[in-house]
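Here is how the chains run, residue by residue.
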Amino acid sequence: MKNILIIGSTGQIGSELTMKLRGIYGGDHVVAGYIPGAEPKGALLESGPSAIVDITNEQQIAETVSRYRIDTIYNLAALLSAVAEKKPQLAWKIGMGGLFNVLEVAREMGCAVFTPSSIGVFGNNTPKDKTPQDTIRNPRTMYGVTKVSGELLSDYYFIRFGVDTRSVRFPGLISYVTPPGGGTTDYAVDIYYSAAKGEKFICPIAAGTFMDMMYMPDALRAAIEIMEADSSKFVHRNSFNIASMSFDPEIIYHNIKKYVPNFEMEYQVDPLRQAIAESWPNSLDDTCAREEWGWKPEYDLDTMTKDMLQKLGEKYKK
């Protein structure tokens, strides 16, 4: 990677990944792509170039790639799971129409492409525990449908046209930097914000509902390491299971209470999010990622909890 374009640079992953990549490759080599109304601000704006890049506009993508001599595109534009269920047509337009535009530009201009997939590709017929890398993918959400289709389309562009496509299946991502944006796993972010503010947490997911989760620093590393990896060792490309920790609301609640003893939680289950959560795996088997490009998480639940509470505590003291 020499010159990088991040589409969706002001989103949950993009805002942190842009800064991480600029720290590695230099600010001038990482372009923050955004849409009007979601402009980069602060350090994200000041630390490197930015450009309007609407993923539904192929010409705009191509012009930006040409202007900045881009060789690697991180395609992070998507509607999150719960939002996508309310706007399925828009979710398809961004998730699939947008990906098609990115892949076409990459084919014509010789770019590598990272497009994150998700645990949302799996459905009710998938093995729930230690879900294998290669197994049935039958999602019942528009978010999951676009992610499965995206994996297949990315593989097609590699096989048919030689486009260097790579991706990982992200579990739920937990971060203290960007507020949650409508994902099914976002309760595991919201709960830390409530604890840091001294508020009671209203949990939308039922006790006993396990889902795979990951701390954002590990997710950023995965996105970078897979693009830097020697692809000659790949058996898979789109997309690798990656895993870090699995828990239900009770487990994370009691972990937080170790550090915030007066913290309280009650349940008001959201039927939509609960149905989505129940269709997803309890945990993923990430053996292939470990063997093919050396994936290994650095955070577990307790180390993440301590860091989240410390960072959010500092944020709310300001």
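Because the structure is predicted, anything quoted here is derived from the model rather than measured.

### Focus on the sheet that holds strand β12 (residues 240-241)
Argument step 1. Read from one edge of the open sheet, three strands run β6-β8-β12, paired in parallel fashion. Looking along the sheet, the strands with just one partner apiece sit at the ends: β6 (117-118) and β12.
Argument step 2. Examined bridge by bridge, strand β8 (residues 168-170) and β12 share two bridges and lie parallel to one another. Its bridge partner being in β12, R169 is matched across the sheet by N241.

### Here's the deal with helix α9 (residues 249-257)
Argument step 1. Regarding α9, the residues found buried are P249, I252, Y253, N255 and I256. Along the axis of α9, the buried residues cluster in a sector spanning 165°; they form a single face.
Argument step 2. In this fold, the buried residues of α9 make contact with α7 (187-197), β10 (201-203), β13 (245-247), β14 (265-267) and α12 (301-317).

### Observations concerning unusual backbone geometry
Argument step 1. Across the junction of N238 and S239, the peptide omega takes the value 25°, indicating a cis bond.
Argument step 2. Position of S239 relative to the elements: it lies in the loop between α8 (216-228) and β12.
Argument step 3. The phi dihedral of R69 falls on the positive side, at around 50°, and the residue is not glycine.
Argument step 4. Residue K130 is not a glycine yet carries a positive backbone phi of 50°.

Calculation notes
- Residues numbered from 1 in each chain as written.
- Predicted model: local features only at pLDDT ≥ 70, side-chain atom pairs only at ≥ 80, totals over all residues.
- Heavy atoms only, no water.
- Pairing = 2+ DSSP bridges.
- Helix = DSSP H or I, 4+ residues; strand = E, 2+ residues; numbered from the N terminus.
- Buried < 20%, exposed > 50% of the residue type's maximum accessible area, 1.4 Å probe, protein only.
- Arc of directions from axis to C-beta.
- Contact = heavy atoms within 4.5 Å.

Purely geometric stuff here, so don't read any function into it on its own.
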